[in-house]
Structures are given as structure tokens and as C-alpha cells.
2 protein chains.
Amino acid sequence: MSVTAAQGFLASGVAAGIKESGDPDLALVVNRGPSRAAAGVFTSNRVQAAPVRWSRRALADGRISAVVLNSGGANACTGQAGAVDARLMAERTARELGVDPYETAVCSTGLIGVLLPMDKVTAGIGAAAARLSPEGGEDAAVAIKTTDSVHKTAVASGPGGWTVGGMAKGAGMLAPGLATMLVVLTTDADVSAPALDATLRQAVRTTFDRVDSDGCMSTNDTVLLLASGASGVTPDAADFAGAVHTVCLDLARQLTADAEGASKEIEVEVVGAASEGDAVTVGRSVARNNLLKCALHGEDPNWGRVLSAIGTTDAVFDPDRLDVAINGVWVCRDGAAGESRDKVDLSGRRIRITVDLRSGDASAVIWTNDLTAEYVHENSAYSS
Amino acid sequence: MSVTAAQGFLASGVAAGIKESGDPDLALVVNRGPSRAAAGVFTSNRVQAAPVRWSRRALADGRISAVVLNSGGANACTGQAGAVDARLMAERTARELGVDPYETAVCSTGLIGVLLPMDKVTAGIGAAAARLSPEGGEDAAVAIKTTDSVHKTAVASGPGGWTVGGMAKGAGMLAPGLATMLVVLTTDADVSAPALDATLRQAVRTTFDRVDSDGCMSTNDTVLLLASGASGVTPDAADFAGAVHTVCLDLARQLTADAEGASKEIEVEVVGAASEGDAVTVGRSVARNNLLKCALHGEDPNWGRVLSAIGTTDAVFDPDRLDVAINGVWVCRDGAAGESRDKVDLSGRRIRITVDLRSGDASAVIWTNDLTAEYVHENSAYSS
């Protein structure tokens, strides 16, 4: 499954020795065509890792033939030397595969501020090229893990015989060292680069962009979508958008489910907003409130912390007409206490908070996690 | 000391039974004049507690004769009933003291979403009025504590025989239940209400407003400055501004030092900014980065997390020309690794992070704390 579920793709994953643990840490994904159309979405952090800068340029003409990915080092904040290393990774990969280095994307993840061991990376690219296979998708997904407890893949098929598959890494966007989220999606549908771009941006906007586990935006986030056209089918645009969205949503939920240290998966649903932008702003403010995240960890339905988070935004609402439900119990009505908080059962892993701004028809969902002592522990011990 | 360090003020603190613990929980501060000039700064949270709404109106004409404060309940998100209770507190206080209820400010702190036990509050106001004294400042400071481990007071004197004193409560702005920061400052200087207002806003802007322990803005934050004029001295404006700033800074640092669960006091100093606004924006983004706060708790000089936090802002900077020092060691130069991180000693309680944006001459300091398992514990167990 994974990135090789769709026809026309080869992949592999190997242990190149970048990680001290000896775990797999280098992956290749190759598009054998006939099409090489591609699209990508990158972190909006202004401090961008060298591989992100390289891949942006490689994608400029809407074609990608291969992707080389490594875990064990983010190659971020590494200056000119890091930029050279990202280029060398692309060039070495291109030479092994006989493709154009400017059609080779590079993704790195792990600790930032440290240069990659390029001798090991280079040898690993050779070893990974030798192991490329139409069944290599799982190996590739395993090799991009950092603190992920499981590797993450998803697949969806469309009418007429085409498929969208993908892999992701990331412990809920709260990966320590900002080791970040990486996603590669592949399809054998025959779709032009501009159409891929529009489809991917729309899908990411309502899936990965709505995951906000700890409010920390990474330097390396990358989502790539490669189309081989190998199915020979040009799908209906809505069908294709639906399949891409399905795979993105599946992977996004897997990221949240595997968030480091988390004991709860929390959906913040904002309804009755004057605009989708307002709904996202309010959802994100609630999702980022450390006090609320601690309360939910302690299974305390502390709706006052929800209101105080809403109150910091510039969304359209009347403070005296706010309603909040926690797991279906409307504990806050008209900005004051509603149903008894004793009715709220927070013993399960999944929690849904619903905020009704009562100011319009727009809505959005943000996915987050609770804040736990384990999160503190994992993130205070990562690089030392 | 405290709010009775300046001439013309009486204060008291009593245990009214609002707190189940039986600890002191109700305080009065009375200005005996001759002047009743006053200024105040309130939370910018759009969800505002009933006492905040009341006190804003009371302050509208620049005169305050008395302040009644309670801990044990924030009277926030309590609807129309809460608004009535805040008014009753002012009216009862005014009747006991023979002053105008519309010159009586009300401050409440504690759990939000719960109505106050008004029978106990009313009786407590009577008891507190009976104990008013020119030495009551310490008792008042004790009575407004919630999870504070110590009560907080400060005083500064100016040339010519005038004094500024004050008290504060708040566990670093990360008080659980958003029980919030309350501050009352008093002076016997003879200063008009508009001048008090300008002085207070300027002082708060660079002291309390720069404390950002956990990014959570409260519904009850209030800072009041009352002037009795009892010294008969009209101070030089700069001298007076300096004294008010000194007291505010002293109290702000005491808040950060007492932050719940914190093991580190962190100063984020941003220099070389194109504007003070940019410096504050960058400082706040760094101060709110949970991953960095975890790293500093673990005594890990993880400068990459500083850069990733800077990168989320719209401040003027070039990512390849960012310098970062931690406790004086420039671990990041030109956006990449600088001096060895092994040189950084983070074993002490105080940590200073310096960010040089190399884009101008403006600067700002934000005070924050580390993120600890104790913070999670205290804030997941408060209301249950």
C-alpha cells in the first residue's frame, strides 16, 4: 500500500546509519510515469530548512520524478553548508536513477541545527536505489519515522481504476526538535500539474492545516503529490478531489492519534461562525490553550477556559451569546453555566468540543491533543 | 508597605468563607483623599468578568474611593446574575464606607463560571470595613492570593516625600481557572486622573503586558492606580513615571517568579528589531513555544526551537541573518549553528535568551517560564 499502491511507482527504505539507533532512516519514491506531474505544499514558517528550499525550486515547473527522504536530521538552520547538502542529495539520487536532479525533491526530518552525515546519506541513497520495488511503500513509510510509534499509510481508489496512496510521518505536529510532518502522496490517475496543485491545496487546507497539536509550526513540513498517469484514466475532478481528501484526512487523523505524550484526541468544532476564517481562528485559539489542554488531560470539563480562549480572538461573536458543548453536553449557554458539568464523560480517548458562535453559518474543525507530563518529558529530553 | 505605604489609604483583609480552605479571601482598599483620582487597565479579553465590566464603568470619571477584592471566585461567565452580584458588592462596600457606589471598584479572582456565595461576601465586606487600618496593606495582599505561594507587594518613594506602593496576585498569569492577575497601586502624590492614566498605561505596557507565562489571557485582569494626594506634593512627571514603573516591574517579576509549576524564570530579550512592535511579537512567539519551554525545563539549549518560533511571525528579519544567544553564548549565528551549545550553563533558575533580528534598533523583553510536569498536574486538577 502506501506510496506504491498506485501503479507507476517504486519505493524503498533502508537503514543508512544516520540514526544512532540503526533504525531505517532513508527512503526513495520514484515515479516511472508516463506522467511526472506533481504538486507540493510546504511549511509557511519563514525559517525554512534547506530541503524545503530545494524542493520548492524543483517543483516550480510542476514535474517531480523522484523524492529522497531521510529521518535522523532535519537539515534546518544549517546555513550554506546545509543548502549544498540538500543539493547533493538530489544530485546523487538523480544520478542513481537516471533522472533530472531538478526533478528530484528532498525531504529531511529530525533534529534541527545539525549537518547531515553526508557519507552515510550518499551510501544510503545507493543502497535504497538498489532496493527499489513496486512493493516498497511500507519500507519507505517506516524509514521516515522519527518519534512516531507507528508508520502511517493510507489509500483510496476511484471509479475507473485509479488509486491515491500515501505515507506520512509526524507525531501530531508536536515532533520534538520540530522534526515535522512529511507526507508523500502518489496516484496513477492522469492529472495535470495545475489540477494536482489545486486539488492538493484544497485537501490540505481542511486536513493537515487543521491539525494543531501543540501550536508549534515546523521548518520542514512538506506534502507532495505525484501523479504517474499509469492507470491511463483521467478522473472526474470531484472524484479525484474526494479521494485525495480522504487520504489526507486519514493521514492527518493518524498524526493526531500518535501525538507524543498525548492521552486524548480532541476535536474542536466551531459552528455558527460568520466566516470559515473566524471558525478556524476560534478553533485554533481553543486548541492552543494550555490551561484547557491540561484540564482535558485531567478529564475536567472546564468550559471557562474555552470561553477565555475564544475571547482572545477577533472573530464575530457576542460574549453573552456563546454556547459550548463538551462531548455533547451544553455546559455553557449564553456565555454562562448551562447543563451540569457532572453529565460530561471524559473518560474516553476521544473528546469533542463544540463552540457555537451564533453569528453565521460557517464552521470548521481543528484537531488537537491534551497536554501531559509525558509531553513535557519527551520534549525536554530529546536532543540532550 | 503594600497599598498602605502611601499616606491617605486604609486597607484590610479577612477570611469571609468564600474559600473552602478558610484562608483570607476578601480585601478592602480605601482612599481617604483629599484626592480620589484614579486610573485602571483591564484585560483585553473580549470575555470579561462581571467585576471588570463594573469597574470599567466606575472608573469612567477618573475617580475611585474604594476597591473591594475577593479571591475564591472570579465571577466570570456568570451572566446577568453575576452582573447583579458585582453591583451588590460595590453597593454594600459603599454603604459601609459612606462613599459613592459608582466610585467603588470591584475585583474578583478564582474559578470561573461559578456564582459567588453572596451571603458570605456581604458579611465579609462588613467585617473587612471594621478592620480597616493604615497598616492593613499586608493583610489585603494576603487576602487576594489564590494559588500564589507568597503575597506580593512593592513600594518606591520619590523626591519630596511621596510614595507609590502596591500589591499583586497571580501565579505568573498561568493561574488555573484563569483566576488571573489583580494589582492595586496607591500613591499619596497629587496627580490628576488623566496624568495617572497616561503614567499607568505606559508602565503597564512595558511590565505586566510583557509577562507571558503561558499565553493564556484572563477574563479578570485588572490593574488600578489610586492617588490620595495626601503628601501634598505634585511630583515631577518623569519622577512619578519612574516610581510607578519601578513598582510595576517589581510586582511583574514577582508574578513570574511565583509561576505555578515553573522551575525556570526566562527572559526573552529581542534586539535589533525594526520596531518595538516587532520585538514584542517575536518575544511573545518565542515565549509561547511549548517545545522550547520543555527544552529549557530539561536544560537543553535548543536554539532551533527559538528560530522556528521566530519564523512564524511577520516581523522584519532575514532568516539567514538571525543570531541567538542563550545565557550569553551565541549558539546561533546567521541562522545556523554558532558557538558550541556545550558552553551554555542552564543549571540556574534564571535564563536569558537574546534574539538579534539585525533589522533595526528597537528592542523588548518578554518574561516567561518553562513548561513542566508540575504545571500540567496543577492545571489538570484545579476545579475537580
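Here the structure is shown first, and the text comes after it.
All of the points below concern the structure found in this document. (Residues numbered from 1 in each chain as written. Chains lettered and ligands numbered in written order. Predicted model: local features only at pLDDT ≥ 70, side-chain atom pairs only at ≥ 80, totals over all residues. Heavy atoms only, no water.)

Side note on the overall build of chain A
Of the regular secondary structure elements, chain A holds 10 helices and 15 strands. Computed over C-alpha atoms, the radius of gyration of chain A comes to 21 Å, within 12% of the 21 Å expected from 2.2 N^0.38 for 384 residues, which places it in the range of a compact globule. By its C-alpha atoms, chain A is 65 × 50 × 35 Å across when sized along the principal axes. For chain A, with 384 residues in total, the buried portion stands at 62%. (Helix = DSSP H or I, 4+ residues; strand = E, 2+ residues; numbered from the N terminus. Rg over C-alpha atoms; globule rule 2.2 N^0.38 Å. Buried < 20%, exposed > 50% of the residue type's maximum accessible area, 1.4 Å probe, protein only.)

A few points about the relation of the copies chain B and chain A
With an RMSD of 0.0 Å, the fit of chain B onto chain A corresponds to turning through 180 degrees and sliding 0.0 Å along the axis. Here the symmetry operator amounts to a two-fold rotation axis. In terms of proximity to the rotation axis, the leading residue of chain B is B:Ala373, whose C-alpha is 2.1 Å off the axis. Taken as a fraction of all interface residues of chain B, those also at the interface in chain A reach 100%, which identifies the copy contact as same-surface. (Least-squares fit on C-alpha atoms with pLDDT ≥ 70 in both. Contact = heavy atoms within 4.5 Å.)

So, the environment of B:Asn70
Residues and elements named next belong to chain B. Examined against the element boundaries, Asn-70 turns out to sit in strand β4 (residues 66-70). For the pair formed by Asn-70 and Ala-154, sequence separation is 84 residues and the distance between their alpha carbons is 20 Å. Sequence-distant contacts of Asn-70, defined by excluding residues within four places in its chain, comprise Ile-18, Asp-25, Leu-26, Met-89, Cys-107, Ser-108, Thr-109 and Leu-116. A distance of 2.6 Å separates the side chain of Asn-70 from the side chain of Ser-108, its partner in a polar contact. (Polar contact = N/O pair within 3.5 Å; in protein donor to acceptor, adjacent residues only side chain to side chain.)

Notes on the interface of chain B and chain A
Listed by partner, the interface residues are 56 residues for chain B and 56 residues for chain A. Contact between chain B and chain A buries roughly 4,100 Å² in total, counting both sides, with carbon and sulfur atoms accounting for 58%. The three residues of chain B that bury the most area against chain A are B:Arg46, B:Leu291 and B:Val376, which together make up 16% of that side's buried surface. Joining chain B to chain A, the criterion identifies 2 salt bridges. One salt bridge connects A:Arg53 with B:Asp320, and the closest N-O pair in it is separated by 3.1 Å. Counting the contacts that link chain B with chain A gives 5 residue pairs in polar contact (both at pLDDT 80 or more). Elements with a contribution of two residues or more to the side of chain B that touches chain A: α8 (290-297), α9 (303-310), β13 (336-337) and α10 (373-380) of chain B. Residues of the side of chain B that touches chain A, tallied by class, amount to 25 nonpolar, 23 polar and 8 charged. (Buried area = accessible area lost by both parts, 1.4 Å probe. Salt bridge = Lys/Arg side-chain N within 4 Å of Asp/Glu carboxyl O. Nonpolar A, V, L, I, M, F, W, Y, C, P; charged D, E, K, R; others polar.)

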